[in-house]
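An overview of the molecular structure
As a plain string of letters, each chain reads:
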Amino acid sequence: MSSICVSEQLQLLQRHTARNGRVIKGYKNGSCKPPSSTFNSDPFNSGDAEIISLAHDDDPDLLQPPPQRRYLAKLISVTSLVAPILGFYTSWVQSQALTELVQVMLVGIVKLQALSGKWRPRLRILGRNVPSVDVLVPICREPLDLVQDTIRATLNLDYPRSRYRVVVTDDGKSAALRSWVEQLAKEFPNLYYTARETKGDWKAGNLNHAIKFTKSLPGGRGEFIAGLDADMIPERKWLRAVIPHIVQNPNCGVVCPAQLFYNVPKNDPLVQSRLREWRCTNITGDLTGNGWNLGSGWVIRPKALEDIGGFPGTSLIEDVYSTFLMQAQGLDTIYLTESLQFGLVPTSYLAHVNQFTRWYIGGAQIFFRFNGFLDSRKTKNMPFLTKMMGFQDGIWAHLNCHLNSITWCLTPFFFLSNTNMAYWRNDDEMILFLRLHCAIALVRYAHTWLHGLLSGYKVSVHTQAVVYMMPYYTIVWLRAFILPEWLGGQVAGFTPTGAIHSPVYERDPTRRAPVIKRLRYILFDCGAWLHLCIAVAFVVCVGIHVREAIDAHLPTNEGRRLLFINLLQTVGWPTHPWFINAIACLGPIRYALFPPDVPPRHSFFGEKNTSGAKYLKKAEMESTCTGGFYSRWELGFVQLYTMFMMYVAVLFVISWWI
């Protein structure tokens, strides 16, 4: 351990001692010995471990909200229920949309458990008395320079070198990577390379092979197993921040921190940052006891992994599936809101769609693996509220998602046929329904705004634009679960995102293809023609309907009143999502026409340190953690959605004078 590491730990220790008036014995300045080249497999003595809980101003983290805002994470669980309760009452009056509203209420009920949850403290384990760890880095045809940056950063952790090993497990069997690793291992004896002979079970199979490989290393397997994706640059404090949570909780199976992405394009046109998940959704999940292994940065207890038979090779999302299996064993699973790793979002439209549809199909598979979370033989010791959440997610994946896709296609024709979106028996009932639906829309907006206080307003609102993925989800669902092979059905597979390259280089201004070629590729090769058709159908059919409605009503006071009611019942109903869906559908088209410029990957980093590792520049790190990639002024989804909510607010106000 370097003198710099010792100094950082001593500063934390001194502040902790001054604040708590307690001196940790046995910790002396300069007590850290030079790094050893031999892996130390001595058992870790947890009783003597020096673990401290950090105050908010100790080692400040950009993902951590200030203490005065932490209650917002719990308040989200309350606001998520208000809108469905109002909607349930409206549906009781109007007898429609009961299925969807009951489903949303189930989610709200699960989230209410967050009210009794405790904010997870940030911890650090100090000194050299730390458990031994095997860090696995699964590789499969990713660019060599990308992998090299990850491995060098992993070898430069603030953790005794004799207490962790780095295992590069290569499913691509790259001769260049193997040669580089073997050469670097002469400088870092705790670095190893392995590649399995027989493929199968995708990433899970690669990880399981690496775990088996660690048992053959000198000293045997480490006391804990950790994992990093090929593109994830870990912060030096990564293990010291994650390990204490699993050490202090013997019933904990896995701990996983947030994933942050430094190459998110300006204004995030494809909704790739997932900041709302890291800063809101997963915090609420952890408060309810539903922290997930999210694929990178995790630390796992080997016994917990053995009890579930290793990483499940039958799933496309082995990380989340293994979390549910551990929960079924009665184990705790933890999510950490700390910025401890930084990686890449897919750099092309095709790779992005491939990644999101894989996650979607993987989630849909989990629903069947647990028999709908209704079979106690499968769920075993899983908490009841976790089973409710799993059931709700499955219903969304197998039913509601596709109902939304069907609605997208049918709504324009409803406008042409003058079909009403709402019905009432008299004017009094119309006003009641209008106020209730406006209230539902406004409470949903307040719920979004509340998320925005934690993740940023633009991040929170823009996350809803991901609905443009619905048609893709429906298509891959049909091919994976319904259609026979001769009609296009296929078994869902796993293609590493880093190995998918775009022939039009849409984000590289120096190699970008002409606009016609980009449009042809994204519309036809990537399937965005469906989004264009839906968006055009919305615009054309709404225009025709409005024109016909105007022509059908006389320019009198009564005629104008009837025209207002007609448009309100069709294109202007406050809770119908056609407007939001239409502008979301335009996202892929706008992306093809005006793709973002993303600078070369190396430009995000500072200079290499003496160990050859390099890290994000401070400005890039702040932008990545706080959503700084959004422009101050841009007419896009966020602004149009805000304008629509202003329309709803005005409609709600004038409903009292109709």
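Each remark here, short or long, concerns the structure printed above.
Here's a quick rundown of the structure. As the structure is a computational prediction, the values presented were derived from the model and not from experiment.

A few words on the overall build of the protein chain. Within the protein chain, the secondary structure is distributed over 22 helices and 12 strands. In the protein chain, which comprises 658 residues, the share counted as buried stands at 56%. Pairs at least 24 apart in sequence give 82% of the contacts found in the protein chain among residues at least 6 apart. Total accessible area on the protein chain stands at roughly 28700 Å², and carbon and sulfur atoms take up 60% of it.

What follows is about the nonpolar core. Residues Ile151 and Leu239 are the most contacted members of the largest nonpolar core, which totals 108 residues. A total of 7 residues in this core trace back to one element, the largest contributor, which is helix H7 (residues 238-248). Residue contacts for isoleucine 151: discarding those within four places in its chain leaves Val168, Leu177, Trp180, Val181, Leu184 and Leu191. One finds Tyr521, Ile583, Ala584 and Val638 within the second-largest nonpolar core, a separate group that totals 66 residues.

The next point concerns the sheet that holds strand E8 (residues 252-257). Strand order in this open sheet of 7 strands is E5-E4-E3-E6-E10-E8-E11, and the pairing throughout is mixed. In this open sheet, the two strands that pair with only one neighbour each are strand E5 (191-194) and strand E11 (332-336). With respect to the sheet, H7 is in contact with strand E3 (133-139), strand E4 (164-170), strand E6 (224-227), E8, strand E10 (299-300) and E11, its orientation differing from that of E8 by roughly 150°.

What follows is about the packing of helix H18 (residues 529-552) against helix H20 (residues 578-593). For any two helices packed against each other, one specifies the inter-axial angle together with the distance between the axes. One way to put it is that H18 packs onto H20 with a least axis distance of 8 Å and a crossing angle of 140°. Regarding the angle of H18 to H20, the classification is oblique. In the packing of H18 onto H20, the handedness of the crossing is left-handed. Taking contact as the criterion, the partners of His531, Leu532, Ile534, Ala535, Phe538 and Val542 in H18 are, on H20, Trp578, Asn581, Ala582, Cys585, Leu586, Pro588 and Ile589. In terms of residue class, the contact of H18 with H20 is made up of 11 nonpolar, 2 polar and no charged.

With that settled, the discussion passes to the pattern of salt bridges. Enumeration over the complete set of coordinates arrives at 24 salt bridges. In this structure, aspartate 149 engages arginine 601 in a salt bridge whose closest nitrogen and oxygen atoms are separated by 2.9 Å. Pair noted here: aspartate 149 is in helix H4 (residues 144-155) and arginine 601 is in the loop between H20 and helix H21 (618-626), with a separation of 452 residues, a long-range link. Given a relative accessible area of 17%, arginine 601 falls into the buried group. Among the salt bridges present, the one from aspartate 171 reaches arginine 196, with a minimum N-O distance of 2.7 Å. Here aspartate 171, found in the loop between E4 and helix H5 (175-184), pairs with arginine 196, found in the loop between E5 and helix H6 (202-214); they are 25 residues apart in sequence, far enough to count as distant. For the pair shown, aspartate 171 and arginine 196 are each scored as buried.

This next bit is on the sheet that holds strand E7 (residues 233-234). Taken together, 3 strands build an open sheet; the order of strands is E7-E12-E9 and the sheet is mixed. A single partner strand is all that each edge strand has here, and the edge strands are E7 and strand E9 (260-261). Bridge count for E9 against strand E12 (residues 341-343) is 2 bridges, and the pairing is parallel. Considered in E12, the bridge of leucine 260 is made with phenylalanine 342.

The next thing to look at is H18. The periodicity of an α-helix, 3.6 residues per turn, causes residues three or four places apart in sequence to face the same way. Here H18 spans 34 Å end to end across 24 residues, near enough to the 34 Å set by a 1.5 Å rise per residue. In this fold, the buried residues of H18 make contact with helix H11 (349-369), helix H13 (384-416), helix H16 (470-482), helix H19 (557-569) and H20.

The next subject is the pairing of E8. A large share of E8 lies buried, amounting to 6 of its 6 residues. Note: E8 against E11, 5 bridges, orientation parallel. Note on E11: the bridge partner recorded for valine 255 is isoleucine 334. Inspection of the sheet shows E8 paired to E10 by 2 bridges, in the antiparallel sense. What sits directly across from valine 255, in E10, is valine 299.

For the pair helix H17 (residues 515-525) and H20, interaxial distance at closest approach is 8 Å and the crossing angle is 150°. Between H17 and H20, the interaxial angle falls into the category roughly antiparallel. Where H17 crosses over H20, the handedness of that crossing is right-handed. The residues of H20 that touch H17, namely those facing Val515, Arg518, Leu519, Ile522 and Leu523, are Pro588, Ile589, Tyr591, Ala592 and Leu593. Looking at the contact of H17 with H20 residue by residue, the class counts come to 9 nonpolar, no polar and 1 charged.

Calculation notes
Residues numbered from 1 in each chain as written. Predicted model: local features only at pLDDT ≥ 70, side-chain atom pairs only at ≥ 80, totals over all residues. Heavy atoms only, no water. Helix = DSSP H or I, 4+ residues; strand = E, 2+ residues; numbered from the N terminus. Buried < 20%, exposed > 50% of the residue type's maximum accessible area, 1.4 Å probe, protein only. Contact = heavy atoms within 4.5 Å. Areas by Shrake-Rupley, 256 points an atom, 1.4 Å probe, with all protein chains shown as cover. Core = buried A, V, L, I, M, F, W, Y, C linked by side-chain atoms within 4.5 Å. Pairing = 2+ DSSP bridges. Axes fitted to C-alpha atoms, helices over the stretch in contact; angles between N-to-C directions. Parallel < 35°, antiparallel > 145°, perpendicular 65-115°, else oblique. Left-handed = near helix turned anticlockwise from the far one by under 90°. Nonpolar A, V, L, I, M, F, W, Y, C, P; charged D, E, K, R; others polar. Salt bridge = Lys/Arg side-chain N within 4 Å of Asp/Glu carboxyl O. Expected span 1.5 Å × (residues − 1).

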